[in-house]
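# Fold and geometry: a report
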Amino acid sequence: MKIANRIGHITQGAGDGWEIYYRTREMIAAGERVLTLTIGEHDIRTDPSILNAMHDSAMAGNTGYAFGPGNRDLREEVAARVAARTGAETSWRNVVITPGGQAALFATHMALLDQGDRALHCDPYYATYPGTIRATGADAAVVATRSSEDFLPQERAIHDAVAADPRGAKTLLINTPNNPTGVIYPRATLEGIARAVTDADLWLISDEVYDSQVWQGEHLSPRALPGMAGRTIAVGSMSKSHAMTGSRLGWVVAPEPVAEAIATLATNTTYGVPAFIQDAALFALRQGPAFEEKIAAPFRRRREIAMRVLTGHNAIRVIPSSGAMYVMLDIRATGLTGTGFANRLLDEEKIAVMPGESFGAASAGHVRVALTIADDLFEEAIGRLASFADRQMDA
Ligand code: PMP
């Protein structure tokens, strides 16, 4: 009796990058006070008004099987939101509702990749990206980015990544606003990506789950660039925009044949998303942009605290953060690796951050700070992190 090779192919025998997070949880379980700036989870819960909508829908009888690709009214609402935010024409037929953005990423790669295909994603990356690609049976390969270029993917690097293997590549996965770097891709970067994927005839998968967390500049969707709607699949989610991480509600916006393929996959995997969750999401989306701004406001404040407190510390370079609930710090001047820095900060200061190495080789020597604890505690944590970094320089 043997487990499928598929699972070994997903992990490639390596750790999942969350070792610091698991260690932090154990310390907290043992009664220690740890200031935890690791995962992208809000410090508020889902708004009671959304939970009431969920309750009302369930009590009204919406507890049976839900229709595979999502309720028509929710698909229409998502299409309207996407069209309003990105300027790209979008019909409900382009939208498939999924159990969260993660399931949307998986379904999209499943719909586009065959066994043994090669699929690209940028480095650094959200921790699940390579595993999600490999779960389809394809091989994952990176487009490297540089700290000195604010981790923006360059057109040249995409060409190089395609050419690095005789198989070429079939897809490229990007993420803006970006986790882990907090960077928002400017128009010129997206235009370079659009040229590169068009030249190499790749599908572009655009993870836009942080589209409501924009602190500076604006979020542009590559779907809105000329000629790109036919080769771009955008992934969205209620997790970050509405503090609904546990509700598992996301979506794919895709050309119709791709949307239909993803709906077929849903019928044979998830069976769709519970109708009362879909109704709660519909209610939440109808609260409009002001509601989303209210959810994003604490992260906006804490990003400002981080910028203020970290200015003038030679041991730290802050990657210019313009969106998402994270700031990325270049701590190479301390002489420590990201992993070394994060482990010692946890042991000596009881502050938990994620090592850059957890997100790929390109962010080695960096740490990611999540903006996810109350302002006063956040200011304390970031101040102590800066002093810790300064002391490494003096040592
Ligand atoms: N993409 C990115 C970049 C993320 O950071 C996350 C969650 N942290 C997801 C997708 C998945 O989010 P969810 O499944 O909750 O929508």
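It should be emphasised that the depicted structure is a prediction, and the values quoted were computed from it without experimental measurement.

According to the domain assignment, the protein contains domain 1 (5-46 + 290-394) and domain 2 (60-288). For domain 1 versus domain 2, the distance between C-alpha centres works out to 25 Å. The partner domain 2 presents 41 residues to the 39 residues of domain 1 that form the contact. Counting each side, the surface lost to burial between domain 1 and domain 2 is near 3400 Å², with a carbon and sulfur contribution of 54%. The three residues of domain 1 that bury the most area against domain 2 are Glu292, Ser322 and Phe359, which together make up 19% of that side's buried surface. Ionic pairing is found between Arg81 and Glu292, a salt bridge with its closest N-O pair at 2.6 Å. At the junction of domain 1 with domain 2, the criterion picks out 26 residue pairs in polar contact (both at pLDDT 80 or more).

This part is about empty space enclosed by the protein. If you walk through the whole model with that rule in mind, you get three cavities of 30 Å³ or more. Every residue lining the largest cavity is counted, 14 residues in all, and those nearest its centre are Val82, Thr86, Glu208, Asp211 and Trp251. The class makeup of the residues in the lining of the largest cavity is five nonpolar, four polar and five charged. The volume enclosed by the second largest cavity comes to roughly 40 Å³. Considering the residues around the second largest cavity, the lining is formed by Cys122, Pro124, Tyr125, Tyr126, Tyr129, Leu173, Ile174, Asn175, Asn178, Asn179 and Tyr185.

Okay, the nonpolar core next. Among the nonpolar cores identified, the biggest contains 60 residues, and Ile316, Leu329, Phe341, Val353, Val369 and Phe378 are the most heavily contacted of them. Residue contributions to this core peak at seven residues, all from helix α14 (residues 375-394). Residues lining this core come from more than one domain, with at least three contributed by each of domain 1 (5-46 + 290-394) and domain 2 (60-288). Sequence-distant contacts of Phe341, defined by excluding residues within four places in its chain, comprise Ile331, Thr334, Leu336, Val367, Leu385, Phe388 and Ala389. Counting 28 residues, the second largest nonpolar core, distinct from the first, contains Val143, Leu152, Val197 and Leu204.

What follows covers the site of the ligand. The immediate surroundings of the ligand are formed by 15 residues, with Asp207, Tyr210, Ser237, Ser239 and Arg248 found nearest. Between the ligand and Ser237, the relevant distance is 2.6 Å, taken from an oxygen atom to a side-chain nitrogen or oxygen of the residue. Contact distances for the ligand include 2.7 Å between an oxygen atom and a side-chain N or O atom of Arg248. Listing elements by their share of the shell around the ligand, those giving two or more residues are α5 (101-112) and α9 (238-241).

According to the stated counting rule, one finds six aromatic pairs in the structure shown. Here Tyr210 and Tyr326 contribute two aromatic rings whose centre-to-centre distance is 5.7 Å and whose plane-to-plane angle is 80°, an arrangement assigned as edge-to-face. Of this pair, Tyr210 sits in the loop between β6 (203-207) and β7 (232-237) while Tyr326 is found in strand β10 (residues 326-330), placing the two residues 116 residues apart along the sequence. Taken together through their ring pairs, the aromatic side chains of Trp18, Tyr21 and Tyr22 make up a single cluster.

The next thing to look at is the pairing of β10. When you tally the buried positions in β10, you get five out of five residues, the bulk of the element. Here β10 shows two buried faces, one formed by Tyr326, Met328 and Asp330 and the other by Val327 and Leu329. Two strands pair when backbone bridges link them, and strand β9 (residues 317-318) and β10 are joined in this way by two bridges, in the antiparallel orientation. Within the sheet, the bridge partner assigned to Val318 lies in β10 and is Leu329. Direction of pairing for β10 relative to strand β12 (residues 366-370): antiparallel, over a ladder of five bridges. Its bridge partner being in β12, Leu329 is matched across the sheet by Val367.

With twelve residues, α5 extends 17 Å from end C-alpha to end C-alpha; this agrees with the ideal 16 Å at 1.5 Å per step. When we look at burial in α5, the residues that qualify are Gly101, Ala104, Leu105, Ala107, Thr108, His109 and Leu112.

With mixed pairing, the seven strands of this open sheet are ordered in space as β2-β8-β7-β6-β5-β3-β4. Taken across any chain shown, the strands that pair with only one partner, and hence form the sheet edges, are β2 (95-98) and β4 (139-144). Between one strand and the next, the sheet's axes are offset by a mean angle of 25°, whatever the strand orientation. Relative to the sheet, α5 contacts β2, β5 (171-175), β6, β7 and β8 (250-253), its axis offset from that of β7 by approximately 160°.

What follows deals with the pattern of salt bridges. Using the criterion set out here, one finds 29 salt bridges in the structure. A salt bridge links Asp114 to Lys170; the nearest nitrogen and oxygen atoms lie 3.6 Å apart. On the criterion of sequence distance, the pair formed by Asp114 in the loop between α5 and β3 (118-123) and Lys170 in the loop between α7 (155-163) and β5 is long-range, its members being 56 residues apart. On the basis of relative accessible area, Lys170 is assigned to the partly exposed category, the value being 28%. Counted as one network, the salt bridges with shared partners bring together Arg33, Glu349, Glu380, Arg384 and Arg391.

The rules behind the values
Residues numbered from 1 in each chain as written. Predicted model: local features only at pLDDT ≥ 70, side-chain atom pairs only at ≥ 80, totals over all residues. Heavy atoms only, no water. Domains from an automatic or database assignment. Contact = heavy atoms within 4.5 Å. Buried area = accessible area lost by both parts, 1.4 Å probe. Salt bridge = Lys/Arg side-chain N within 4 Å of Asp/Glu carboxyl O. Polar contact = N/O pair within 3.5 Å; in protein donor to acceptor, adjacent residues only side chain to side chain. 1 Å grid on protein atoms, 1.4 Å probe; cavity = no way out; pocket = protein on both sides within 12 Å on 5 of 7 lines; lining within 4 Å. Points joined across faces, edges and corners; volume = space filled by probe spheres on them. Nonpolar A, V, L, I, M, F, W, Y, C, P; charged D, E, K, R; others polar. Core = buried A, V, L, I, M, F, W, Y, C linked by side-chain atoms within 4.5 Å. Buried < 20%, exposed > 50% of the residue type's maximum accessible area, 1.4 Å probe, protein only. Helix = DSSP H or I, 4+ residues; strand = E, 2+ residues; numbered from the N terminus. Near = heavy atom within 4 Å. Phe/Tyr/Trp six-rings, centres within 6.5 Å; stacked < 30°, edge-to-face > 60°. Pairing = 2+ DSSP bridges. Expected span 1.5 Å × (residues − 1). Axes fitted to C-alpha atoms, helices over the stretch in contact; angles between N-to-C directions.

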